[in-house]
Amino acid sequence: MPLKNTQYNALMRVYNERQLRHARELEDLKNEVYARVPRYKELKDAIAGNAASRARARITNNRSLYDELERENALLKEELARVMAENGLSEDSFSVRYTCPDCKDTGFINGEKCHCFVQAAVELLYDQSNIREILKRENFSSLSMEYYEKSSANGTKTQYDYMAEKIAYCCDFVKGFDRRAENILFYGPTGTGKTFLSNCIAKALLDTCHSVVYFSAIDLLELFSRTGFSYDEEDQDQQDQYILESDLLIIDDLGTERVNRFTLEKLFYTINERLARQKSTIISTNLTPGALRDEYTERIASRILSNYELIQLAGEDIRIKKRFG
């Protein structure tokens, strides 16, 4: 999951602050115990001094002194154990309380990003995408089938059965996400559930620590327009990687934006490059496949129509149904 330098640095500051906070907490705890149980600190200092003396005795090969210090050390440790037991203390009492014990709040395990770092990065990306609150409302758990017709004319498949089939496909898309790179084009009239299903998939993947980047088509092409004229090549490259390397890219409401030659080229590059990298993309649009060919270049339409699962959603506007019954 690629991050811009500013994003990466922001996360690492969190980890650094976390380590400092835990170190301060441990130091405060020790001082509190030292004040409450002075004998504990005296014994710890004596044991440390004894260890240093034994090391010197070993270096000078003073066996008799070393044996005497060993006996003293045993007595000190015996008393320390008694003092700790009497005051409800254990060695664990002075262990650092890590937020993530797996990486010990470094963010990495054997040079690889820890699961907590991945999750923090995902949360950062979604905070910046301003979609977290939406996903609390729009997800598989809140999906309801009550607004779909259960009857049909002439024995054709009901809207209810059709949607159940498409929802099952979306669930399978999530389950098989790590095994295969698939893409979806949701198309149909306003209010038929295109964005809702996209958000359901996004939430499910976020819950399994996948990076998901959401843009409305308007915002994505506006971003292309802004960064396309930037003289900061490093920043441009980082922005491209942010879009191209996310596990899932969602482009919502394609067809509502104003396009020009430059933004069309960037859109083609994004779609084509993610296909080449085997990164999944979901696009939703009010346009039919035929209208998609008319509105966009043949290259863009061809990439989408030949490499995406086309899922048509139809029926009445569910948002209006929910509001007026």
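Not measured: the values here are computed from a predicted model. (Residues numbered from 1 in each chain as written. Predicted model: local features only at pLDDT ≥ 70, side-chain atom pairs only at ≥ 80, totals over all residues. Heavy atoms only, no water.)

Trainee: Mind showing me how you'd approach the overall build of the protein here?
Mentor: Regarding its fold elements, the protein presents 13 helices and seven strands. Of the contacts formed within the protein by residues at least 6 apart in sequence, a portion of 77% connects residues at least 24 apart. A total of about 18400 Å² of accessible surface is found on the protein, and carbon and sulfur atoms cover 48% of it. (Helix = DSSP H or I, 4+ residues; strand = E, 2+ residues; numbered from the N terminus. Contact = heavy atoms within 4.5 Å. Areas by Shrake-Rupley, 256 points an atom, 1.4 Å probe, with all protein chains shown as cover.)

Trainee: Where do I start with the environment of Glu 138 in this structure?
Mentor: Mapped onto the secondary structure, Glu 138 falls in the loop between helix H5 (132–137) and helix H6 (159–175). Along the sequence, Glu 138 and Ser 198 sit 60 residues apart, while their C-alpha atoms lie 9.1 Å from each other. When neighbours within four sequence positions are excluded, Glu 138 is seen to be in contact with Thr 195, Phe 196, Asn 199 and Cys 200. For Glu 138, the side chain forms a polar contact with the side chain of Asn 199, separated by 2.7 Å. (Polar contact = N/O pair within 3.5 Å; in protein donor to acceptor, adjacent residues only side chain to side chain.)

Trainee: I tried to follow the pattern of salt bridges on my own but got confused; where do I start?
Mentor: For side chains bearing opposite charge, pairing can occur when the charged atoms are close. A complete count under the given rule lists 17 salt bridges for this structure. Arg 21 is paired through a salt bridge with Glu 25; the nearest N and O atoms lie 3.9 Å apart. On the criterion of helical spacing, the pair formed by Arg 21 and Glu 25 is a turn pair, its members being four residues apart in helix H1 (residues 5–36). Under the relative-accessibility criterion, Arg 21 is labelled partly exposed at 34%. Of the residues examined, Glu 25 reaches a relative accessible area of 41% and is grouped as partly exposed. The residue Arg 299 makes a salt bridge to Glu 265 at a minimum N-O spacing of 3.0 Å. Of this pair, Arg 299 sits in helix H12 (residues 298–307) while Glu 265 sits in helix H10 (residues 261–276), and the two are 34 residues apart along the sequence. Each of the salt bridges in this network shares a partner with another, and the network as a whole consists of Glu 245, Glu 273, Arg 277 and Lys 279. (Salt bridge = Lys/Arg side-chain N within 4 Å of Asp/Glu carboxyl O. Buried < 20%, exposed > 50% of the residue type's maximum accessible area, 1.4 Å probe, protein only.)

Trainee: Teacher, can you tell me more about the packing of H10 against H12 here?
Mentor: Between two packed helices, the angle of one axis relative to the other and the distance separating the axes together describe the packing. Their axes nearest at 9 Å, the elements H10 and H12 cross at an angle of 30°. Overall, the two elements H10 and H12 adopt an arrangement that is roughly parallel. The way H10 lies across H12 gives a crossing that is left-handed. Between H10 and H12, the residues in contact are Leu 264, Glu 265, Leu 267, Phe 268, Ile 271, Asn 272 and Leu 275 and Arg 299, Ile 300, Arg 303, Ile 304 and Asn 307, respectively. Residues belonging to the contact of H10 with H12 are distributed by class as follows: seven nonpolar, two polar and three charged. (Axes fitted to C-alpha atoms, helices over the stretch in contact; angles between N-to-C directions. Parallel < 35°, antiparallel > 145°, perpendicular 65-115°, else oblique. Left-handed = near helix turned anticlockwise from the far one by under 90°. Nonpolar A, V, L, I, M, F, W, Y, C, P; charged D, E, K, R; others polar.)

Trainee: Would you mind showing me how to read the sheet that holds strand E5 (residues 248–254) here?
Mentor: On the basis of which strands lie adjacent, the open sheet formed by five strands has the order E4-E5-E6-E3-E7 and parallel pairing. Each of the sheet's edge strands pairs with one partner strand only, and the pair in question is strand E4 (212–216) and strand E7 (309–312). Between one strand and the next, the sheet's axes are offset by a mean angle of 15°, whatever the strand orientation. Across the sheet, helix H7 (residues 194–206) is in contact with strand E3 (184–187), E4, E5 and strand E6 (280–285); its angle to E3 comes to roughly 150°. (Pairing = 2+ DSSP bridges.)

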